[in-house]
Structure formats: C-alpha cells, structure tokens
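What follows is each chain in one-letter form.
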Amino acid sequence: MTRSKEKLVADLMVLVFRLNGRLLEEGDRLVEGLNLTSARWQVLGALSLAGQPLTAPQIADAMGITRQGAQKQLNLLMEERLLERRPNPSHERSPLYVLTDAGARAFSEADRLCDLWAADLGQLLSEEALHTTGTVLAELLARLDRPLPIPNRESGQPASC
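Owing to the predicted nature of the structure, the values given are computational and were not obtained by experimental measurement. (Residues numbered from 1 in each chain as written. Predicted model: local features only at pLDDT ≥ 70, side-chain atom pairs only at ≥ 80, totals over all residues. Heavy atoms only, no water.)

Another aspect to go through is the overall build of the protein. Scanning the protein from terminus to terminus reveals six helices and two strands. Along the chain direction, N to C, the helices and strands of the protein fall in the order α-α-α-α-β-β-α-α. Relative to its length of 161 residues, the protein is extended, with a C-alpha radius of gyration of 19 Å against a globular reference of 15 Å. Each principal axis of the C-alpha distribution contributes one length, and for the protein these read about 55 × 45 × 25 Å. For the protein, the residues scored as buried account for 22% of the 161 residues in total. When the accessible surface of the protein is split by element, carbon and sulfur atoms take 56% of a total near 12000 Å². Mean positive and mean negative side-chain charge positions of the protein (18 and 21 charges, respectively) differ by 5 Å. (Helix = DSSP H or I, 4+ residues; strand = E, 2+ residues; numbered from the N terminus. Rg over C-alpha atoms; globule rule 2.2 N^0.38 Å. Buried < 20%, exposed > 50% of the residue type's maximum accessible area, 1.4 Å probe, protein only. Areas by Shrake-Rupley, 256 points an atom, 1.4 Å probe, with all protein chains shown as cover. Lys, Arg positive; Asp, Glu negative; His and termini not counted. Charge placed at Lys NZ, Arg CZ, Asp CG, Glu CD.)

Moving on to the packing of helix H1 (residues 5-31) against helix H5 (residues 101-121). Direction vectors running N to C along H1 and H5 enclose 125 degrees, while the axes themselves pass 10 Å from each other. Our classification of the angle between H1 and H5 gives oblique. You can see that H1 and H5 cross each other, and the crossing is right-handed. Of the residues in H5, those touching H1 at Leu 23, Glu 26, Gly 27, Leu 30 and Val 31 are Ala 110, Leu 113, Cys 114 and Trp 117. Here the residues of the contact of H1 with H5 are counted per class, giving seven nonpolar, one polar and one charged. (Axes fitted to C-alpha atoms, helices over the stretch in contact; angles between N-to-C directions. Parallel < 35°, antiparallel > 145°, perpendicular 65-115°, else oblique. Left-handed = near helix turned anticlockwise from the far one by under 90°. Contact = heavy atoms within 4.5 Å. Nonpolar A, V, L, I, M, F, W, Y, C, P; charged D, E, K, R; others polar.)

Turning next to the nonpolar core. Across soluble globular proteins, nonpolar side chains show a tendency to be buried alongside one another. Judged by nonpolar contacts, the single largest core of 21 residues is most densely connected at Leu 36, Leu 44, Ile 59, Leu 74 and Leu 77. At the level of elements, helix H2 (38-50), helix H3 (56-63), helix H4 (67-79) and H5 are the ones that each hand at least two residues to this core. Here the element with the most residues in this core is H2; it accounts for five residues. Those residues in contact with Leu 36 that lie beyond four places of it in its chain are Asp 28, Val 31, Leu 44, Leu 77, Leu 82, Ala 106 and Ala 110. (Core = buried A, V, L, I, M, F, W, Y, C linked by side-chain atoms within 4.5 Å.)

Okay, structure coming up:
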C-alpha cells in the first residue's frame, strides 16, 4: 500500500522531532565534560560560525530558538565568562555578544567532539544518502517561512486558499 505524500511528510516531521530530542540529549552528554549543554553549545556555535558579534535576536534566528531562550543561554555563558557583552552602535537596547578566548576554546573542543560523533554516526550511511537528506531537510526548513495553512473555522478550507 502506497502512503500519500502528506502522510510521508507528517511521518518525517515526527521523526525530526524525535531526532531533535535525541540529538539534544546525546549532545548534552557529549559536551558535559566541557561544562556545556546542547543549548549553550548551540549559542556558542552561532557566534563562532557568524565570525562577528551578534545580538540575541540574531542568535535566536540563526539557531531556530526563541529570543528568550537565546537570552537565557547568553546570560549563563556570560556568567561562565565564555561570552562578553558589547555595546551595539546600531541599537542601544540590543547589545552584541562575542566569544571570549575561553568561549572560543570551549566551542573548538565541542566541535572536535562533534566531528568524532558525526564520523561514528555516519559510518553506515552513503554520501549520496547524506546529501539527499540534507537537501530534503533544507527544503523543508525553507518552506517553513511560508504561512501555515490553518483552516478557516467557517469553511474548513486553509486560510491561504
């Protein structure tokens, strides 16, 4: 029996939810020796990958988390002296955050551990399968910027129709 495309996408969404939860759990275990969590590692990564200071909303957007969630992790990372807050000449109430040397070292070590983990996870997967998976996930992520097809209460039809 062939499943509809809608059912396949819905099943994929559930799988991604489960994968996200497991990645966060295992990520916590991976970086606990660095006194990090997956959430803090994610924020350090946003700053490291950007290569420039970012605001809390920019970090949240880059990592797909809420601004409040990003701010909570930024505050904790500053307490641990892994980040510094700097004035933002473009917006007085939205400071910029930058990695300290200790923060850069922590992210570098977490990145090294991640490479080892990724090598282990990817052992039995072909490059073609990994490329296809990346392409599909990137396309789904891009499509999430479109309005949700929330049904109109009266007609039951999606609001975008």
